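# Chains, contacts and geometry: an overview
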Amino acid sequence: MKSKRRTGWAWQLGLVGMLMPLALGSAAQVLDRSHDVAPRPGSEGMAQFPRPTDGRPDPAPPPPSATPLAPGFDVRQFEAMAQALVADQRIPGLAMAIVHNGRVLSARGYGITDVRAAEPVDSHTVFRLASLSKSFAGTIAGVLVSEGTMRWDSKVVDYMPGLRMSQPEAAQRITVADVLSHRVGLPRHTYDRDIERGADYLSLVQNLSSAPMSCAPGDCYGYQNVAFSLVGDVVFATSGQFFNEAVSRRLFKPLGMNDASYGLEGIQSSPRWAKPHVRAGRSGWTSLMPKPTYYRVAPAAGVNASISDMAQWLIAHTGHRPDVLPAPLLATLHSPIVGTPGEIRGGAGSWRRQRINAAGYGLGWRVFDYAGHRVVFHGGAVQGYRGVMAVVPEHDLGLVVLWNSESSLPTALLPTILDRAMGMRGQQWLNVDIDESMFASDDDSAPSGPASSNAMARPD
């Protein structure tokens, strides 16, 4: 049954890819991949997602009308789970947002910002997003593509003439789409250790000329932070604005993400922000000051935001802000370009192993076949901060969880909420006890909860 579901889903992606190119216009313009060759042995190819021969994303439009959430989807239960996670400081603090049909069902904080100087986490407490930042980089690039300022198949070297790679002519072949989908040809996490040792971005870009390559650009997947951040230089060259400024003006401001910022200075100047926490002994936590290291690769890991901000980000990515993110652009951003079978990992009982049939990477977003449903996802982790976010186009649903510790416990909120939305029961991903009978109502199909809201997406 699982293999049938997987094959059918992949076939649908291929069919949509054949039907949609003309309809999607410049946001999904065809990329020139005439140089493509077969992936080299050992590279992560397209195990389940059929790779388009021209290299463009295989666009999947949003459904004409969203499938209702499964009966029993009750936001109050998820809020109770989040509250249980911060009880007795299992984790110091957490924030969670759930949006549906363009409305914020919940956007709340739980726990505290700092064990040394406790203040409650609220909806405007700012967290470091780590690699969730990549979705902003892909999106701002997509905005510029939609406007015709650049193309997905624009060559990076045209904007960075000094870019060099260790293989002859490799730099001349890297496209904007290659950068955003981690297909520059480098081994995964190239120079991440140097970032952690305090190296600056410009010197690491210069060092790419001596970095060994796993394949030719476009031929294999290898997750990057330094090379991914080349998109910042492209945005500057094409827009005339520094990358951070372009995102702030074109995304943060129009979406009403009023707490969002970039960099160490940005988070430290926030009126309220959550400190990162690491383990102190077997059961305790200690807070630290955030390090500047990964802030130096801003497109990959530079964003700070509150859960209120992220609710607006999800509303935009579920299609309810076409004035900022038009539907053709979303269809392109949310489509897989390269297979990432390594994402289907973990023990036999893990949610990734149990639920994900296929995994790929698009343009700053991961794309999963989650038990037969398309889920657009990204996770992030850096020195005492973690987060996960997901969009389910079929159900017009978005969710994000941010927390200020290195614990992995809150990750299980994501499959818990996805399962309930899709009507799957029987698997307990999250190790917390709540009395679900407390939330029984006459209408179990209606999402509800003490923090539910009718707040719509708001243009500024």
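Whatever comes next refers back to the structure up there.
### What about the overall build of the chain?
When its secondary structure is counted, the chain shows 16 helices and 13 strands. For the chain, the proportion of its 460 residues judged to be buried stands at 59%. Partitioning the intrachain contacts of the chain with sequence separation of at least 6 by distance along the chain shows that 72% fall at a separation of at least 24. Per element, the accessible surface of the chain, about 17600 Å² overall, is 52% carbon and sulfur.

### Quick notes on the packing of helix α4 (residues 134-146) against helix α10 (residues 243-255)
Relative to each other, α4 and α10 sit at 75°, their axes nearing to 10 Å. Looking at the two axes, α4 sits roughly perpendicular to α10. Contacts between α4 and α10 involve Phe136, Ala137, Thr139, Ile140, Val143 and Leu144 from the former and Phe243, Ala246, Val247, Arg250, Leu251 and Phe252 from the latter. Split by residue class, the contact of α4 with α10 holds 10 nonpolar, 1 polar and 1 charged.

### Observations concerning the packing of aromatic side chains
All chains considered together, the criterion is met by 11 aromatic pairs. Taking 5.8 Å as the distance between ring centres and 75° as the angle between the ring planes, the aromatic pair formed by phenylalanine 136 and phenylalanine 252 counts as edge-to-face. With phenylalanine 136 in helix α4 and phenylalanine 252 in helix α10, the pair connects residues that are 116 residues apart, well separated along the chain. The exposure class of phenylalanine 252 is buried, given its relative accessible area of 3%. Between tryptophan 351 and tyrosine 370, the aromatic rings sit 6.4 Å apart at their centres with planes inclined by 40°, giving tilted as the arrangement. Of this pair, tryptophan 351 sits in helix α15 (residues 351-355) while tyrosine 370 sits in strand β10 (residues 366-370), and the two are 19 residues apart along the sequence. We note that tryptophan 351, like tyrosine 370, is buried. In this structure an aromatic cluster arises from ring pairing among Phe136, Phe243, Phe252, Tyr262 and Trp313.

### What about helix α9 (residues 230-239)?
Buried within α9 are the following residues: Leu230, Val231, Gly232, Val234, Val235 and Thr238. The inward-facing, buried residues of α9 abut α4, α6 (176-180), α8 (201-207), α10 and α12 (298-301). Note on α9: the residue one or two positions beyond its end, glycine 240, has a positive phi of about 80°.

### Here we look at the pattern of salt bridges
Throughout the structure, instances matching the rule amount to 14 salt bridges. The partner of arginine 352 in a salt bridge is glutamate 343, with the nearest N and O atoms 2.7 Å apart. Residues participating in the shared-partner salt-bridge network are Glu343, Arg345, Arg352 and Arg366.

### Points about the state of the cysteines
Evaluated as defined, the whole model comprises 1 disulfide. Here cysteine 215 pairs with cysteine 220 through a disulfide, and the sulfurs are 2.0 Å apart. Judged by the sign of its S-S torsion, about -90°, the bond between cysteine 215 and cysteine 220 is left-handed. You'll find cysteine 215 and cysteine 220 in the same group, each marked buried.

Reading the values: the criteria
Residues numbered from 1 in each chain as written. Predicted model: local features only at pLDDT ≥ 70, side-chain atom pairs only at ≥ 80, totals over all residues. Heavy atoms only, no water. Helix = DSSP H or I, 4+ residues; strand = E, 2+ residues; numbered from the N terminus. Buried < 20%, exposed > 50% of the residue type's maximum accessible area, 1.4 Å probe, protein only. Contact = heavy atoms within 4.5 Å. Areas by Shrake-Rupley, 256 points an atom, 1.4 Å probe, with all protein chains shown as cover. Axes fitted to C-alpha atoms, helices over the stretch in contact; angles between N-to-C directions. Parallel < 35°, antiparallel > 145°, perpendicular 65-115°, else oblique. Nonpolar A, V, L, I, M, F, W, Y, C, P; charged D, E, K, R; others polar. Phe/Tyr/Trp six-rings, centres within 6.5 Å; stacked < 30°, edge-to-face > 60°. Salt bridge = Lys/Arg side-chain N within 4 Å of Asp/Glu carboxyl O. Disulfide = S-S within 2.5 Å.

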